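Coordinate inspection notes
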Amino acid sequence: MKFRLTYDGRLEANGGARHKHEIRRAFHPQLKRLWETDPNLLGWARILEPGSNLPRIGLTHTTTAQAWLAASYDRMGYHFVPLATARFSLIASIEVLFLRPDEPGSIIKSGDIDNRLKTLFDALQMPVSVPELGGYTKPGEGEDPFFVLMEDDRLLSHVSIETDVLLQPTPTAEGAWLTNDARLVITVSLKPYHVNMENLHFA
């Protein structure tokens with residue numbers, strides 16, 4: 001299964017918890033839309049029907065798979081729905097097209113690539129404690145359940161990155177050129193590492 005996520009805005013090296021959760025919130029509606037429209041996920045939900053030992057909870061507008069995940073990852077006042085999970089033996093690999101104001105290749109010279117990517121990876125996974133919510137102590141409108149890419153970034157099996165020049169400021173920069181501006185196109189591939197009946201749709 002392959003799909004793309006996008007992000008326009010600040011991407012700070014060693015970003016704080018609030019910054020990371022704001023990026024996480026930018027990915028949430030994209031992943032929600034994916035669950036609503038992708039044939040693999042819709043087919044997966046049909047396989048995981050009631051009776052397959054998946055608990056159901058009182059959330060509206062969720063498939064059975066979403067309901068099971070939301071119940072399993074109920075923490076800190078949120079119902080998280082990760083795609084890559086150890087429970088379903090699903091891992092993710094990502095290819096990142098990273099556009100920023102500097103010249104091509106300067107991200108390597110500046111030495112901040114690892115710290116910026118760490119901010120991104122943290123935003124793609126579930127938070128594990130209240131401080132990691134960055135002050136967002138309850139879900140916003142349309143954020144229950146809350147969709148994330150990964151249960152844990154240890155389920156990230158491969159990363160590649162291509163950098164190039166950002167030729168248009170991001171919307172959050174309001175027409176200015178900011179050092180931390182980034183436009184990301186993230187190609188995600190999802191696959192099982194142990195194929196079974198519950199994850200066969202992703203093989």
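To be clear, the structure that these remarks concern was listed above.
Residues numbered from 1 in each chain as written. Predicted model: local features only at pLDDT ≥ 70, side-chain atom pairs only at ≥ 80, totals over all residues. Heavy atoms only, no water.

1. Brief notes about the overall build of the protein chain
How we decide: In this description a helix means any DSSP run of H or I spanning at least four residues, a strand means any run of E spanning at least two, and both kinds are numbered starting from the N terminus. Exposure classes here rest on a 1.4 Å probe applied to the protein chains alone. A residue is buried below 20% of its type maximum, exposed above 50%, and partly exposed in between. Per-residue accessibility takes into account occlusion by the displayed protein chains alone, with areas from the Shrake-Rupley method and a 1.4 Å probe.
From N to C terminus, the protein chain includes 5 helices and 7 strands. Classification of the 203 residues of the protein chain by burial places 46% in the buried group. Of the accessible surface of the protein chain, which amounts to about 10000 Å², a share of 50% is contributed by carbon and sulfur atoms.

2. Let's talk about the packing of aromatic side chains
We count it as follows: Under the pairing criterion, centres of Phe, Tyr and Trp rings, with the six-membered ring standing for Trp, must be within 6.5 Å; the plane angle then separates stacked pairs below 30 degrees from edge-to-face pairs above 60, leaving the rest tilted.
This structure, assessed with the given rule, holds 5 aromatic pairs. Seen from their ring centres, Y78 and F80 are 5.2 Å apart, and the 5 degrees between their planes marks the pair as stacked. Pairing F80 with F146 gives two aromatic rings, centres 5.7 Å apart and planes at 70 degrees, and the pair type is edge-to-face. Here the residue F80 occupies a position in strand β3 (residues 78–84), and F146 occupies one in strand β5 (residues 146–150), the gap between them amounting to 66 residues. Judged by its relative accessible area of 0%, F80 falls in the buried class. Exposure remark for F146: the relative accessible area of 0% places this residue in the buried category. A connected cluster of aromatic rings, assembled from ring pairs, spans Y78, F80 and F146.

3. Focus: the sheet that holds strand β4 (residues 90–100)
In sheet architecture, strand pairing relies on hydrogen bonds along the backbone and comes in two forms, parallel and antiparallel. Convention followed: Two strands qualify as a pair provided that DSSP identifies no fewer than 2 bridges between them. To obtain each axis, a line is fitted to C-alpha atoms, and for helices this fit is confined to the stretch in contact; angles are then taken between N-to-C directions over 0 to 180 degrees. What makes two residues a contact is simply this: any of their non-hydrogen atoms within 4.5 Å.
Judged by pairing direction, the sheet is mixed, and its 4 strands sit side by side in the order β1-β7-β4-β6 without closing on themselves. Each of the sheet's edge strands pairs with one partner strand only, and the pair in question is β1 (2–10) and β6 (156–165). Sheet twist, expressed as the average angle between the axes of neighbouring strands with direction ignored, equals 20 degrees. Direction of pairing for β4 relative to strand β7 (residues 181–192): antiparallel, over a ladder of 10 bridges. When the bridges of β7 are listed, S93 appears paired with S189. Against the sheet, helix α1 (residues 17–37) contacts β1 and β7, and its axis sits at roughly 145 degrees relative to β1. Contacts between helix α5 (residues 113–124) and the sheet are confined to β1, β4, β6 and β7, with β4 contributing the most and set at about 130 degrees to the helix.

4. Structural notes on the pattern of salt bridges
Spelled out, the test is: Each reported salt bridge corresponds to a side-chain nitrogen of Lys or Arg within 4 Å of a carboxyl oxygen of Asp or Glu.
A complete count under the given rule lists 8 salt bridges for this structure. Taking the shortest distance from any N to any O, the salt bridge between E12 and R10 comes out at 2.1 Å. We classify R10 as partly exposed; its relative accessible area is 32%. Notably, a salt bridge pairs E143 with R25, separated by 2.7 Å at the nearest N-O pair. Pair noted here: E143 is in the loop between α5 and β5 and R25 is in helix α1, with a separation of 118 residues, a long-range link. In this structure E143 comes out as buried when scored by relative accessible area, which is 5%. Taken together, the shared-partner salt bridges connect R10, E12, R18 and E22 into one network.

5. Considerations on the environment of S189
Within the secondary structure, S189 sits in strand β7. For the pair S189 and I94, spaced 95 residues apart in sequence, the C-alpha to C-alpha distance is 6.3 Å. What S189 contacts, discounting residues up to four positions off in sequence, is M1, K2, I91, A92 and S93.

6. Concerning the pairing of β3
For β3, the buried fraction is high: 7 of the 7 residues fall into the buried class. By the bridge criterion, 2 bridges tie strand β2 (residues 74–75) to β3 in an arrangement that is antiparallel. Residue pairing across strands places R75 opposite Y78, the latter belonging to β3. Count of turn residues in the β2/β3 antiparallel hairpin: 2 residues, of which M76 carries a positive phi of about 55 degrees.

7. Thoughts on a nonpolar patch on the surface
The criterion, for reference: Exposure above 30% relative accessible area and the absence of a salt bridge qualify a residue for a patch, where like charges join within 9 Å and nonpolar side chains (Val, Leu, Ile, Met, Phe, Trp, Tyr) within 5 Å.
Together, V195, M197 and L200 make up a nonpolar patch on the protein surface, roughly 320 Å² of accessible area in all. Judged by its relative accessible area of 44%, L200 is partly exposed.

By themselves, these are just geometric observations and shouldn't be taken as functional.
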